[in-house]
Amino acid sequence: MAAVTADQTTQGTAGTADEAEAGRLAAFDATVAADDRIEPRDWMPDAYRASLIRQMAQHAHSEIIGMQPEANWISRAPSLRRKAILMAKVQDEAGHGLYLYSAAETLGTSREELLDKLHAGRQRYSSIFNYPTLTWADVGAIGWLVDGAAITNQVPLCRCSYGPYARAMVRICKEESFHQRQGYELLLALSRGTPAQHEMAQDAVNRWWWPSLMMFGPPDDASAHSAQSMAWRIKRHSNDELRRRFVDICVPQAQALGLTLPDPDIRWNEELGQHDYGEIDWTEFQEVLKGNGPCNEQRLTQRRTAHENGAWVREAAAAYADKHAARAGTAGTAAQPVEATA
Ligand code: BYC
C-alpha cells in the first residue's frame, strides 16, 4: 500500500512538472509568435539556446577573424587618410566581436569558453575570411561586397527573436553601412584611376564575388538549420532569398562603379522581378568549411598566437579587477593596507 502511494505521488509530481514545462513552452511560442523578444531570464527551449549560441559564436568569431585580412593592409594603405579609415574599420570589427560575445554570454556561456572552441576548431567562423587579400583593391572589395553581404544578412537579424542579439545587430548594422560605403568609395577611386588601378579593382571583384555569395550559407535545400531557425524567428529569410537580394543590390552598383561582376549568367528575370545568377561552386564552399581554404590554417594560427600574446593583458586586467574588488570589500576598514598587497 505504501509503494502504491509513493508511485502515485511520483506520477503526480511528474504530471505537474510536464504541465509546467508545457506552460513554459506555450509562453515561449506565444512570445515568438507575437514578435516580442525572448530575454535572457525568460525560459527557452534548450535547442533554441544551443542554436543561438552556435550562430552568435560563429558570428562573433567571424568579426574578430575578419580583422586579419584587412589588418594586412594597414601598414601599406596608400595615404594617411586611407590608413585612418582602415584602422577605424578594423577596430569596429573588434567591437562587433565584443558586442556579440557579450550577447552570447547572456545565454550562459562565456567568452573564454567560446574562444577555446574557436581555437580548437570546434566552432566555425565565416568561410569568407579564408581568402587572401592580395592587393590594396581587396580592401575595397571586402568593404563593398563582404560588408555589403553582411548587411543584407544582418539587417533582418535586428528583428531576431532573442533580444540581446537583435539589439547588438542594430548598432553593428549602422557601422557596417559605413564600412560598405568606404569600400565602394575606395573601389570607385581605383576604377576611375589609371588603367592599372582599374584592372586591380576588377581583379579584386573577380576574386571576391563568388566567396561573397557563399557567405549566405548553403542553398536552402541543404541548409540544416534554416527551417527551425525561421520557425523560432532567429532567421527571417532563407539563405537563397538573401543571396538573391544581394545580387539585386550589387548589379546596379557594379554598373555605377564601372566594374563587371564575374558571372555571365546574371540576367533580369521578369517573372521573379529579380536577377538570376550562375551556379555557385559548392564544392569549394565545403572544402573551405572543412579547413582546406587558401588561408584557414594561417587565420587560426594567427588567432591562437594573438590570444597567447594577449595573456598578460587579461592577467593584468584580472589583477586590477581583484584589487578594486578587494578595496570595495574593505571600504571603511582602515586597517587593511590594500595598495600594499595588490
Ligand atoms: N561560413 O544550416 P545552415 C562580417 C555552416 S562577419 C562558414 O544554413 P544557418 C565582417 C553553418 O554554421 C559576418 N560556415 O546554417 C567581419 C552550419 O554548420 P554547423 C558574419 C557556414 O546558421 C569582419 C552549416 O554550414 N555573419 O560581416 O541556418 C570584416 C549549415 O548551414 C557558412 C554572420 O555570422 C559560412 N558562410 O545559416 C568584414 C551572420 N554558412 O553550425 C565583415 C550570422 C553556413 O551546423 N549568421 N555555414 O556546424 C547567420 O546568419 C547564419 O548562421 C548563416 C548560416 C546564414 C551564416
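The structure displayed is predicted, hence computed values, not measured ones. (Residues numbered from 1 in each chain as written. Predicted model: local features only at pLDDT ≥ 70, side-chain atom pairs only at ≥ 80, totals over all residues. Heavy atoms only, no water.)

(A) Region of the structure containing the overall build of the protein chain. Each helix and strand counted, the protein chain has 14 helices and two strands in total. For the C-alpha atoms alone, the extent of the protein chain along its principal axes is close to 90 × 65 × 35 Å. Sorting the 342 residues of the protein chain into buried and exposed places 44% on the buried side. Partitioning the contacts of the protein chain with sequence separation of at least 6, the portion at a separation of at least 24 is 76%. (Helix = DSSP H or I, 4+ residues; strand = E, 2+ residues; numbered from the N terminus. Buried < 20%, exposed > 50% of the residue type's maximum accessible area, 1.4 Å probe, protein only. Contact = heavy atoms within 4.5 Å.)

(B) Local environment of the nonpolar core. The biggest cluster of nonpolar side chains holds 78 residues, and the ones touching the most others in it are Trp-144 and Tyr-162. Ranked by residues supplied to this core, first place goes to helix α7 (residues 163–191) with 10 residues. (Core = buried A, V, L, I, M, F, W, Y, C linked by side-chain atoms within 4.5 Å.)

(C) Just the pattern of salt bridges, in detail. Per the stated rule, a full pass over the model turns up 16 salt bridges. We note a salt bridge from Arg-167 to Glu-39, for which the minimum N-O separation is 2.8 Å. With a gap of 128 residues between them, Arg-167 in helix α7 and Glu-39 in the loop between α1 (2–33) and α2 (46–65) connect regions that are remote in the sequence. Judged by relative accessible area, which is 48%, Arg-167 ranks as partly exposed. The class for Glu-39 is partly exposed, based on a relative accessible area of 24%. Each of Glu-70, Lys-89, Glu-93 and Asp-147 takes part in a single network of salt bridges with overlapping partners. (Salt bridge = Lys/Arg side-chain N within 4 Å of Asp/Glu carboxyl O.)

(D) Quick look at the packing of α7 against helix α8 (residues 195–214). Interaxial distance between α7 and α8 falls to 7 Å at its minimum, and their mutual angle equals 135 degrees. If you check the angle between α7 and α8, you find them oblique. Between α7 and α8, the residues in contact are Leu-187, Leu-190 and Ser-191 and Gln-197, His-198, Ala-201 and Val-205, respectively. When grouped by side-chain class, the residues that make up the contact of α7 with α8 number four nonpolar, three polar and no charged. (Axes fitted to C-alpha atoms, helices over the stretch in contact; angles between N-to-C directions. Parallel < 35°, antiparallel > 145°, perpendicular 65-115°, else oblique. Nonpolar A, V, L, I, M, F, W, Y, C, P; charged D, E, K, R; others polar.)

(E) Summary view of the environment of Glu-185. Tracing the backbone shows Glu-185 in helix α7. Look at Glu-185 and you get partly exposed, because its relative accessible area is 32%. C-alpha of Glu-185 to C-alpha of Gly-140: the two residues are 45 residues apart in sequence and 7.7 Å apart in space. Excluding anything up to four places from it in sequence, Glu-185 contacts Arg-81 and Arg-82.

(F) Structural context of the environment of Ser-212. Among the secondary structure elements, Ser-212 is positioned in helix α8. On the basis of relative accessible area, Ser-212 is assigned to the buried category, the value being 0%. Along the backbone, Ser-212 and Tyr-125 are 87 residues apart, and their C-alpha atoms lie at a distance of 14 Å. Here Ser-212 is in contact with Ile-128, Leu-145, Val-146, Ala-149 and Phe-246, once residues within four sequence places are set aside.

(G) Broad picture of the packing of aromatic side chains. On inspection of all chains with the given rule, the structure shows eight aromatic pairs. Ring centres of Tyr-48 and Trp-232 lie 5.5 Å apart, and the angle between their planes is 85 degrees; this geometry places the pair in the edge-to-face category. With Tyr-48 in helix α2 and Trp-232 in the loop between α9 (226–231) and α10 (239–257), the pair connects residues that are 184 residues apart, well separated along the chain. Accessibility assignment for this pair places Tyr-48 and Trp-232 in one class, buried. Summarising the aromatic geometry, the rings of Trp-73 and Trp-136 are spaced 6.3 Å apart at their centres and angled 65 degrees between planes, so their arrangement reads as edge-to-face. On the criterion of sequence distance, the pair formed by Trp-73 in the loop between α3 (67–71) and α4 (80–105) and Trp-136 in the loop between α5 (111–119) and α6 (137–154) is long-range, its members being 63 residues apart. Judged by its relative accessible area of 9%, Trp-73 is buried. Among the aromatic side chains, those forming a connected cluster through ring pairs are Phe-28, Trp-43, Tyr-48 and Trp-232. (Phe/Tyr/Trp six-rings, centres within 6.5 Å; stacked < 30°, edge-to-face > 60°.)

(H) Up close: the site of the ligand. The environment of the ligand is made up of 36 residues, and the closest members are Gln-58, Ser-223, His-225, Lys-235 and Asn-239. In the model, an oxygen atom of the ligand is placed 3.0 Å from a nitrogen or oxygen of the Asn-153 side chain. One of the side-chain nitrogen or oxygen atoms of His-225 is found 2.6 Å away from an oxygen atom of the ligand. Its free accessible area being 1,000 Å², the ligand has 91% of it covered by the protein chains. Within the residue set of the shell around the ligand, elements represented by two or more residues are α2, α4, α6, α7 and α11 (282–289). No other element matches the six residues that α2 contributes to the shell around the ligand. Tallied by class, the residues present in the shell around the ligand amount to 13 nonpolar, 14 polar and nine charged. (Near = heavy atom within 4 Å. Polar contact = N/O pair within 3.5 Å; in protein donor to acceptor, adjacent residues only side chain to side chain. Areas by Shrake-Rupley, 256 points an atom, 1.4 Å probe, with all protein chains shown as cover.)

(I) View of α11. Taken as a whole, α11 has its buried residues at Trp-282, Phe-285 and Val-288. Projected down its long axis, α11 carries its buried residues within an arc of 115 degrees, all on one side. Capping of α11 at its N-terminal end is provided by Asp-281; its side-chain oxygen lies 3.1 Å from the backbone amide nitrogen of Thr-283. After α11 finishes, the residue Gly-291 shows a positive phi value of roughly 105 degrees. (Arc of directions from axis to C-beta.)

(J) Spotlight on the packing of α2 against α5. For the pair α2 and α5, the least separation of the axes is 11 Å and the interaxial angle reads 70 degrees. Relative to α5, the element α2 is oriented roughly perpendicular. Contacts between α2 and α5 pair Ile-53, Ala-57, His-61, Ile-64 and Ile-65 from the former with Leu-114, Leu-115 and Leu-118 from the latter. Taken together, the residues of the contact of α2 with α5 break down into seven nonpolar, one polar and no charged.

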